[in-house]
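In case you want the letters, here they are:
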Amino acid sequence: MQVLQYLINGVSIGSVYAIIALGYTMVYGIAKMLNFAHGDVIMVGAYISFCVTNYMGLPAIVSILAAMVVCTVLGILIEKLAYKPLRGTSSLAVLITAIGVSYFLQNAAQLIWGTAPKSFTSIVTFKPFSFADGALVITGEVIITIAVSILVMVGLTLFTGKTRMGKAMRAVSEDRDAAQLMGINVNQTISMTFAIGSALAAIAGVLLCSTVPTLQPTTGSMPGIRAFTAAVIGGIGSIPGAMLGGILLGIIETFSKKYISTEFSDAIVFAVLILILLVKPTGLLGKQVQEKV
Amino acid sequence: MKKFFALMMAAMMVVAMFAGCGNAEADAGTIKIGMTGPLTGGAAVYGTAVEAGMKIAVEEINAAAGEDGLKIEFKSQDDEHDAEKALNAYNTLKDWGMQFFAGAVTTAPCLSIAPSAVEDQIFMMTPSGSSEKIANSGSNIFQMCFTDPNQGANAAVLVSEKNLGTNIGIIYDSSDDYSKGLMQGFKDKAAELGLNIVCETSFTNANSSDLSTQVTQCKDEGCDFVFLPFYATEAAQVLTYANKIGYEPTFFGCDGMDGVLTSDGFNTDLAEGLILMTPFNPDAPETQDFVAKYQAMMNDVVPNQFAADGYDVIYAIYDACVATGIDGATPAADACAKLEEYFATYSFDGLTGTGMTWDASGMISKIPAAVIIENGKYVAF
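1. Digging into the overall build of chain A
(1) Moving on: Regarding its fold elements, chain A presents eleven helices and four strands.
(2) Moving on: Against the globule reference of 19 Å for 293 residues, chain A gives a C-alpha radius of gyration of 19 Å, in line with a compact fold.
(3) Moving on: In terms of principal-axis extent, the alpha carbons of chain A reach across some 65 × 50 × 35 Å.
(4) Moving on: Restricting to contacts in chain A with at least 6 residues of sequence separation, those with at least 24 account for 76%.

2. Regarding the overall build of chain B
(1) Moving on: On a plain count of helices and strands, chain B comes out with twelve helices and 15 strands.
(2) Moving on: Its C-alpha radius of gyration of 23 Å places chain B within 12% of the 21 Å reference for a compact globule of 381 residues.
(3) Moving on: For chain B, the spread of C-alpha atoms along the principal axes amounts to about 75 × 55 × 40 Å.
(4) Moving on: Here chain B, with 381 residues, has 51% of them falling under the buried criterion.
(5) Moving on: In chain B, the share of contacts with a sequence separation of at least 24, taken over all contacts with a separation of at least 6, comes to 68%.

3. Brief notes about the sheet that holds strand β9 (residues 250-253) of chain B
All names here are of chain B.
(1) Moving on: Reading across from one edge, β7-β6-β8-β9-β10-β14-β15 is the order of the seven strands in this open sheet, with mixed pairing throughout. The outermost strands of the open sheet, each flanked by one partner alone, are β7 (197-203) and β15 (377-380). Sheet twist, expressed as the mean angle between neighbouring strand axes with direction ignored, is 25°.
(2) Moving on: As paired strands, strand β8 (residues 225-228) and β9 are joined by four bridges and run parallel to one another. Looking across to β9, one finds that F227 is bridged to F252.

4. A few points about the domain arrangement of chain B
Residues and elements named next belong to chain B.
(1) Moving on: When the domains of chain B are assigned, the result is domain 1 (22-145 + 288-365) and domain 2 (149-278).
(2) Moving on: Once you take the C-alpha centre of each, domain 1 and domain 2 turn out to be 31 Å apart.
(3) Moving on: The partner domain 2 presents nine residues to the seven residues of domain 1 that form the contact.
(4) Moving on: The residue inventory of the side of domain 1 that touches domain 2, partitioned by class, reads one nonpolar, five polar and one charged.

5. With respect to the sheet that holds strand β11 (residues 348-350) of chain B
Residue and element names in this part refer to chain B.
(1) Moving on: Strand order across the open sheet formed by three strands is β11-β12-β13, with antiparallel pairing between neighbours. The open sheet has two edge strands with one neighbour each: β11 and β13 (364-365).
(2) Moving on: Strand direction decides the pairing type here: β11 and strand β12 (residues 353-358), joined by two bridges, are antiparallel. For G350, the partnering residue across the bridge sits in β12 and is G353.

6. A few points about the nonpolar core
(1) Moving on: In terms of nonpolar packing, the biggest core is built from 79 residues, with I19(A), A21(A), L22(A), A46(A), C71(A) and A204(A) touching the most fellow members.
(2) Moving on: With 15 residues, helix α1 (residues 2-31) of chain A is the largest single contributor of residues to this core.
(3) Moving on: For L22(A), the contacting residues outside a window of four places in its chain are V152(A), M153(A), L156(A), L200(A), I239(A), A242(A) and M243(A).
(4) Moving on: Counting 64 residues, the second largest nonpolar core, distinct from the first, contains V50(B), L93(B), F142(B) and F280(B).

7. Considering helix α11 (residues 305-324) of chain B
Residues and elements named next belong to chain B.
(1) Moving on: The first and last C-alpha atoms of α11 sit 28 Å apart over 20 residues, in line with the 28 Å expected at 1.5 Å per residue.
(2) Moving on: In terms of burial, α11 is a largely internal element, 15 of the 20 residues being buried.
(3) Moving on: G325 lies just past α11 and shows a positive phi near 75°.

8. Some remarks on helix α2 (residues 44-65) of chain B
(1) Moving on: An ideal rise of 1.5 Å per residue puts 32 Å on 22 residues; α2(B) measures up with 31 Å between its terminal C-alpha atoms.
(2) Moving on: Taken from the residues just after α2(B), G66(B) is the one with a positive phi, measuring 70°.

9. Focus: the packing of helix α9 (residues 221-234) of chain A against helix α11 (residues 265-279) of chain A
Residues and elements named next belong to chain A.
(1) Moving on: Packing of α9 against α11 brings their axes to within 10 Å, and their N-to-C directions diverge by 25°. Classified by the angle their axes make, α9 and α11 are roughly parallel. Crossing of α9 against α11: the hand is left-handed. Residues T229, V232 and I233 of α9 form the contact with α11, whose participating residues are V269, F270, L273 and I276.

10. Re the interface of chain B and chain A
(1) Moving on: On the chain A side, the residues contacting the 30 residues of chain B number 31 residues.
(2) Moving on: Of all the secondary-structure elements, those providing two or more residues to the side of chain B that touches chain A are α2, β7, α8 (212-220) and α9 (232-244) of chain B.
(3) Moving on: The element best represented in the side of chain B that touches chain A is α8(B), accounting for six residues.
(4) Moving on: The residue makeup of the side of chain B that touches chain A, split by class, is seven nonpolar, 19 polar and four charged.

11. What to know about the environment of S49(A)
Residue and element names in this part refer to chain A.
(1) Moving on: Note that S49 resides in helix α2 (residues 38-54).
(2) Moving on: Between the C-alpha atom of S49 and that of V70, which follows or precedes it by 21 residues, the distance is 9.9 Å.
(3) Moving on: What S49 contacts, discounting residues up to four positions off in sequence, is S63, I64, A67, G205 and V206.

12. Some remarks on the confidence of the model for chain B
All names here are of chain B.
(1) Moving on: Averaged over every residue, the pLDDT of chain B is 88; residues scoring 70 or more account for 93%.
(2) Moving on: Contacts from residues 20-24, a stretch scored under 50 in pLDDT, to residues over four places away or in other chains number three contacts.
(3) Moving on: Both scores are available for the predicted complex, with the pTM at 0.79 and the ipTM at 0.79.

Analysis parameters
Residues numbered from 1 in each chain as written. Chains lettered and ligands numbered in written order. Predicted model: local features only at pLDDT ≥ 70, side-chain atom pairs only at ≥ 80, totals over all residues. Helix = DSSP H or I, 4+ residues; strand = E, 2+ residues; numbered from the N terminus. Rg over C-alpha atoms; globule rule 2.2 N^0.38 Å. Contact = placed C-beta atoms within 7 Å. Buried ≥ 20, exposed ≤ 12 C-beta atoms within 10 Å, placed from the backbone. Pairing = 2+ DSSP bridges. Axes fitted to C-alpha atoms, helices over the stretch in contact; angles between N-to-C directions. Domains from an automatic or database assignment. Nonpolar A, V, L, I, M, F, W, Y, C, P; charged D, E, K, R; others polar. Core = buried A, V, L, I, M, F, W, Y, C linked by C-beta atoms within 7 Å. Expected span 1.5 Å × (residues − 1). Parallel < 35°, antiparallel > 145°, perpendicular 65-115°, else oblique. Left-handed = near helix turned anticlockwise from the far one by under 90°. pLDDT = per-residue confidence, 0-100.

Listed below in structure tokens is the structure:
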């Protein structure tokens, strides 16, 4: 029973990582860039949701929608202002810019909302399920987070596989120049990718803060890095891979805290990452891509 | 062009010389107290609280001093909770002619300034730097708050006296000196008193975003009392998660947790029954005057113990100066020697306690007070 409880804790935080990782993997898969500001867009989403529920007194669902709208606009703006001018330059330049955007968002949040942490009220209102006299508790947040991340995963898979826009995205991912020659608007497609990724970030932010209630300007950075690790473990660019990687990472983290050391859990998580990359350099579900010469 | 620069430089040097002259002039009727603290940045909440508490004390004293009484000139500098910037801030204050140093607010800046204060023989009293290393830096360094191990030990005594728990759990932040010091003090005293610690678990700054495992561990070990020596941010997480899984032991925090009730968006129901050690109770009748003044100054924010510690430091220094006949013309080193001697037998009453005394190393001795949260308010425990 005890093991089961830790497993559930692990899946709980893991599914939050998974939903963040889905955003990372989506942008990487299509725009071929690591959007390190993703974690901070999550933080912005959580703040918007917090403000709408706490200061305006509107219901949780409205706050999520508001967060999604704001983050989508923010995502498109970031892409237009920071990444688009650098398209075609070295990937290192884009990476550094992404880190810059990340710092910018964190500091802007400090200015707007202050440095004192806020306590996020969970959007889940129903009671936790308790088994065996409270020895095993499954909180509503766990169920909602897992359900939402599976929904998002299936939705994204269908979207990229079946719709016109999704096909355009895959075409851009495979060969940007050829896609352009075939009449695909590359800029628009990449903007769309950022819009979707940022809307996902808003959902992830709300779920993250429902699970872990502390909200401060740095809230997104550590989960963002872990989710990036999760995306790499699962195979970056692969949608089911992000999901698998996220949940696996959450479970490894929780079990190493329980059975090995609460202090070295991060070291263990990153050691696992190294091991997996040594055995499977493209991650668990990543595809081997032939480099064109 | 070169000539122009040379002239400019010469002009600047002349100005600097005059500026220096201005500073050296001391007014006997006014003592100069300087303070550094994080007034901006991540720890700003503590620095601004101390600064405001000190300003209130200075205003009160200057208003009460009248025409001929001893007045205070107060100057604060921002150290951003950074050791190096703190030292620069301290030097700025020294150039200004500071006689007494009422800082710094946080531990790392205190430790970086202390050696200079010892060398300069400037009397230093930190309102809230709680590491025992600070007081041990020199005989002229004093503290207004408990040292971490002392506070931890006080907590253990309270647990034993009031019989708060039979199976004790501890969750602490192993990457934080404050938390570690408290934990160690608590553990040592607990062993002495025969308290039964069944679960000891920790987290670090990097993985503090998810504390569910640690809370579940305490629950599994059947802890009916959990000691939480850390800050309000993590406390809110622990309380929220424990509530979710229906775990209801007695939670016990330290002064760092002060402010948990005022955290934006926090559901105060979760903190019902939380006991915390804090020397200052904003809901007590004897502190109302200070609370009202603080709220008028800080947009209705309720003062925490940092503000009260700052207020007490100013009064402690001022009262001691009056008693020993120190005035604005006394050189800092002479004042320091006099105060050092005076503090050995000094008994001070302030907002954070009555009959406070200091030992030879500069550590404070006062009655440890605890409060319990009932109906969203502090009640003396």
